[in-house]
Every structure is written in structure tokens, then in C-alpha cells.
Amino acid sequence: MDKLLITGGSRLEGEVRASGAKNAALPILAATLLAEGECVLSNVPHLRDVTTTMELLGRMGVVLTVDERMHIHADASRVKNFEAPYDLVKTMRASILVLGPLLARFGEADVSLPGGCAIGARPVNLHIDGMRAMGAEISVENGYIHARAKRLRGIRYSMETVTVTGTENLMMAATLADGRTLLENAAREPEVVDLAHFLNSMGARVQGAGTDTIMVDGVDCLSGCKHHVLPDRIETGTYLVAAAMTGGRVRVRDTRADLLEPVLAKLRESGARVDTGNGWIEVDMDRRRPRSVNIHTAPHPAFPTDMQAQFCALNSIAEGVATVTENVFENRFMHVLEMQRMGADIQIEGNIAICRGVEQLTAAPVMATDLRASASLVLAGLVAEGDTLIDRIYHIDRGYDNIEEKFSALGGVIRRVHT
Ligand code: UD1
């Protein structure tokens, strides 16, 4: 099995390119099921979750090709199978995103339930509830969601919790529904906005994405289009935190500062100099040790839960004491247990991690437990004394494009080993 071997202590310096956003690419790939013509997607990141989604769509009959510029062509004109089977869904919860498009266009979907997840219960009740409200007949049997509908109808639906993929699923379903849908308490994440842009390029009529009320006027059919996926703000943030932790200076290009405001504010608070320009962000810690920062996660535009683990890593070696409060997911502190094995002084009380910065972490063999937790262990490894070996890095490969190459280009000592 592949592992990452990291020798800590190098100061990161240089420039790295942000890949396209995983959390935008996945719903956009699912949305290609809605089109009667060919969709062409650029800036799709090279990740295992993307490959899994392509395999899922391929099994349904979507014809997918990758051209010499690495653009993905998706043609859903001959879809004949409406099932998302357990063997694929279990590896990637975002597979649930095919439910809305399949039901809206073909009136039929059988999607395996994602099941438990390492970072908490993560139910999909609101996806199901919303589609039932749109007129779908849905039963859950033998671990599958069986959904049928003649034509979905537009509704007014207020989501009881802010859910990103739930908002995306219902927004996609509404594009082909009969009449107007109003989604209230909608997620405002930039990836929801990118999906709305894609849907509108296909001929959908979506307004208000990026606010908490999204209005969709259903149309009869959608056509193919071209789309460039927006940059990955979480990947961007991960490299910037790495710069701050190593006292380094890193510029991330092909990214957007407006997507990361709460993260950049925390980096400034930690003592880093943050400069931004057209398509780039630079963090300069000027060989200093960061100061610890308090974090409260919440839905966008607040601080993203997907950056929580990385800031736990920063706080673990920063000057001072700070708390990290996780408000979105229960049980999202598994990385802390691994960091403690590297000498971090972090205590967990419910959904709060109390971090007392230590001067130096020490390397240890550690285990990646989920996607963002794994990234935080890479950050910890980059500053620890000695060689850190990270096991189960398939979690990292789900969401980080070429992580070891990108860190190596910045001067990190990191390589993939087969054991
Ligand atoms: C998405 C992101 C993930 C990110 C998360 C929160 C994708 C592919 N993944 O995940 O990286 O960490 O948003 O920003 O975009 N909930 C319910 N019922 C539901 C759905 C959700 O109670 O039907 C709850 C969840 O348990 C959780 C909260 O809502 O506590 C937010 O989850 P949600 O926004 O749905 O996360 P995902 O869309 O799965």
C-alpha cells in the first residue's frame, strides 16, 4: 500500500498552481447527466473522487473521453442505466449527487445509501425529503434509495440544515421540473455558485446561487456546453497554511482570493503577510513562528470545516493557546489523536479542541483517517523533527492533486513509498 514519507524541517518557498475544485467538479460531472448534448469541462482536477465519478457515469452509459488538453468530454445522450451501486458509492459519498439529475431527466434512480462516514453520521434525509416534496415516490430498501417520478414539480422548500450537496441535488432536480422552485436556507458555497453557472450555460434558469434563496424556473430540456471549473479554495488554503507553519513564503496561482476570505483573515491574524493579486495569493511568514488563532467552523461565508484540521496543525506548533470549534460535523477531530502522537498538546472537549502550541513536533508513524485530516498530517510532518510515515493515503488522493509533487516543488521533503 502507498504511504507518504516526509522529512520535516524545510522552509517552503516558491510558487504552486491550484487545481480545479473537487467540490465543484463532482456536482458538475453529475450534472452532465442532465444534458442532451456533449459537455466539455476544463480545469477538472486529477483526483480519485473524479475518477470514481467518471466510472459511475460511465456505467450509466455516459460516454466520457479526455482530450489532449485534459478536457473532459461527457455525452449523456445514451444513458440506459439509472443505478449508482454500493461498490462505488461506499468509496465516495458525493455519488448521491446523481440522484437529482437522474430523477429529473429520466424519472428513475436507484442510488445506494452512502452509509456511515468517518467524520460523523452525515445523513442524506434532506436530499430525499426535498425530492419527495417535488413529487417523487421514494422508498429506501436494502440500502438503496429507489426514486421514481413522472415529472418533478417546482416547490418552495426550506432546508432545515444548510447542506452543500443537498442544495446542489435539489437545484439540479429543479432545472427540469415543472414550474418554479424556491430553495430556502440554501448553502452559499462558491461551488454551489459554480454549479449554477454550469447549469445556466446548459440552458437552465437558476438565480440567487450564492445567497440563501435559490430560484429555479424549470425548462423542458438542457443542452451541452463548455465550462471551466473554479479553483480549489481548500487546496489553496492548505498550501498557504503550510507556508505559514514552515516560516516560508508561498505563492499559489490560478486561484481566487475572494473564495478564501475567512482563511486569509486567520492567516493574517497568525502573523503572516498575505498579498493577493489577479489570480494569485501569497503568504510570507518571514521565518517567524505563527501565533495561534481561534477557529469556529460554519457554512460559507464563515470559516470552512474543510480547513479546520489544517489550522489544528498550525496551532499545534504556534505560539500561544487557542481553541478550534467544529460546528458542522460531529467527530471531526481524528487528526488530533494522530497529532498527539507527534507531540502536539491538544485536548478535545466535545466539539472544541484546545490547542497549546509546542515548539517542536516529533515524527511518528501516523494514519490518515479522512481527507482533510490527512492533509493536516502532511502539514504536521513537514514541520516535525525526523521522518513521518503516513499510512492510508488513499484518503489524500481522493482530494489532493499531486500533493507530493506540489510540496516537493516548494522545497518540502516528501515522497510516496510502496510498502
Ligand atoms: C460538502 C463537501 C464537504 C464539506 C461539507 C461542509 C462536497 C462534495 N463535499 O459535503 O467537503 O466538508 O460540504 O462544508 O461538496 N445534513 C443533514 N441532512 C442531510 C444532509 C446534511 O442533517 O440530508 C447535515 C450533515 O450531517 C452535516 C451538515 O448537514 O452536519 C452539513 O453537511 P453537508 O453540507 O451536507 O455536507 P456534504 O454536502 O456532504
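Below is a short write-up of the structure. (Residues numbered from 1 in each chain as written. Predicted model: local features only at pLDDT ≥ 70, side-chain atom pairs only at ≥ 80, totals over all residues. Heavy atoms only, no water.)

1. Examining the overall build of the chain
Helices and strands together make up the secondary structure of the chain, namely 14 helices and 24 strands. Over its C-alpha trace the chain gives a radius of gyration of 21 Å, about what one expects of a compact globule, namely 22 Å for 419 residues. The contacts in the chain between residues at least 6 apart in sequence include a share of 75% that link residues at least 24 apart. Carbon and sulfur atoms provide 47% of the accessible area of the chain, an area that totals close to 16,000 Å². Side-chain charges in the chain split into 44 positive and 53 negative, and the spacing between the mean points of these groups amounts to 1 Å. (Helix = DSSP H or I, 4+ residues; strand = E, 2+ residues; numbered from the N terminus. Rg over C-alpha atoms; globule rule 2.2 N^0.38 Å. Contact = heavy atoms within 4.5 Å. Areas by Shrake-Rupley, 256 points an atom, 1.4 Å probe, with all protein chains shown as cover. Lys, Arg positive; Asp, Glu negative; His and termini not counted. Charge placed at Lys NZ, Arg CZ, Asp CG, Glu CD.)

2. Section: the environment of T181
Tracing the backbone shows T181 in strand β11 (residues 180-184). Distance from T181 to Y157, taken between C-alpha atoms, is 7.6 Å for residues 24 residues apart in sequence. Discounting residues that sit within four places of it in the chain, T181 has contacts with M134, G154, I155, A174, I214, M215 and V216. A polar contact of 3.5 Å, which involves the side chain of T181, links it to the backbone nitrogen of I155. (Polar contact = N/O pair within 3.5 Å; in protein donor to acceptor, adjacent residues only side chain to side chain.)

3. Comments concerning the packing of helix α10 (residues 308-317) against helix α12 (residues 371-383)
The axes of two packed helices give the description: the angle between them and the distance between them. Viewed as axis vectors pointing N to C, α10 and α12 meet at an angle of 25 degrees, and their least axial separation amounts to 7 Å. Relative to α12, the element α10 is oriented roughly parallel. Handedness of the α10/α12 crossing: right-handed. Where α10 abuts α12, its residues A309, Q310, A313 and I317 lie against R372, A373, S376, L379 and V383. Here the contact of α10 with α12 is composed, by residue class, of 6 nonpolar, 2 polar and 1 charged. (Axes fitted to C-alpha atoms, helices over the stretch in contact; angles between N-to-C directions. Parallel < 35°, antiparallel > 145°, perpendicular 65-115°, else oblique. Left-handed = near helix turned anticlockwise from the far one by under 90°. Nonpolar A, V, L, I, M, F, W, Y, C, P; charged D, E, K, R; others polar.)

4. Points about the site of the ligand
Inspection of the region around the ligand gives 19 residues, with N125, T163, T165, D306 and V328 positioned closest. Between the ligand and N23 there is a distance of 3.0 Å, counted from an oxygen atom to a side-chain nitrogen or oxygen. Protein coverage of the free-state accessible area of the ligand, which is 740 Å², stands at 87%. Elements supplying a minimum of two residues to the shell around the ligand: α5 (125-133) and α6 (164-175). Residue contributions to the shell around the ligand peak at 3 residues, all from α5. (Near = heavy atom within 4 Å.)

5. Some details on the side chain of T167
Structurally, T167 can be placed in helix α6. Of the residues examined, T167 reaches a relative accessible area of 0% and is grouped as buried. From its side chain, T167 meets the backbone nitrogen of A187 in a polar contact 3.0 Å long. Among all residues touching T167, those that are not within four sequence positions of it are M159, L183, A186, A187, V192 and I214. (Buried < 20%, exposed > 50% of the residue type's maximum accessible area, 1.4 Å probe, protein only.)

6. A look at the nonpolar core
In this structure, L34, V98, L152, M171, F198, L199 and M202 are the most contacted members of the largest nonpolar core, which totals 79 residues. Among the elements that take part in this core, helix α1 (residues 22-31) stands out by supplying 7 residues, more than any other. Look past the residues within four positions of V98 in its chain and what remains in contact with it is A30, L33, L56, L57, M60, A84 and V111. (Core = buried A, V, L, I, M, F, W, Y, C linked by side-chain atoms within 4.5 Å.)

7. Comments concerning the pattern of salt bridges
In the structure shown here, the tally under the stated rule is 26 salt bridges. As a salt-bridge pair, E282 and R251 come within 3.0 Å of each other at their nearest N and O atoms. One end of the pair, E282, is in strand β17 (residues 280-284); the other, R251, is in strand β15 (residues 249-253), with 31 residues separating them in the sequence. A residue is classified by how much of its surface remains accessible, and E282, at 14% relative accessible area, is buried. (Salt bridge = Lys/Arg side-chain N within 4 Å of Asp/Glu carboxyl O.)

8. Let's talk about the packing of helix α8 (residues 233-245) against α10
Relative orientation of the contacting elements α8 and α10 amounts to 5 degrees, with a least axis distance of 10 Å. It follows from the interaxial angle that α8 and α10 lie roughly parallel. Across from I234, T238, V241, A244 and M245 in α8, the residues of α10 making contact are Q310, F311, A313, L314 and I317. For the contact of α8 with α10, the per-class residue count stands at 8 nonpolar, 2 polar and no charged.

9. Overview of the environment of T53
When you line up the elements, T53 lands in helix α2 (residues 48-60). Leave out the neighbours within four places in its chain, and T53 touches L26, L29 and M92.

10. Points about the packing of aromatic side chains
Across all of its chains, the model carries 3 aromatic pairs by this definition. Judged by centre distance (5.3 Å) and plane angle (85 degrees), the ring pair of F303 and F311 falls under edge-to-face. Exposure remark for F303: the relative accessible area of 6% places this residue in the buried category. Directly above the aromatic system of W280 lies the positively charged group of R251, at a separation of 3.7 Å from the ring centroid. (Phe/Tyr/Trp six-rings, centres within 6.5 Å; stacked < 30°, edge-to-face > 60°. Lys NZ or Arg CZ within 6 Å of the ring centre and 35° of its normal.)

11. As for the pairing of strand β20 (residues 345-349)
In terms of strand pairing, β20 meets strand β21 (residues 352-356) through 5 bridges, oriented antiparallel. The residue of β21 that forms the bridge with Q347 is I354. Counted between consecutive antiparallel strands, the loop separating β20 from β21 contains 2 residues, among which G350 sits at a positive phi close to 65 degrees. (Pairing = 2+ DSSP bridges.)

12. A few points about the pairing of strand β16 (residues 273-277)
As defined by bridge partners, β16 adjoins β17 across 5 bridges and the pair is classed as antiparallel. The residue bridging D275 from the neighbouring strand is E282, located in β17. Following β16, the chain reverses through 2 residues before pairing antiparallel with β17; G279 in that reversal takes a positive phi of roughly 85 degrees.

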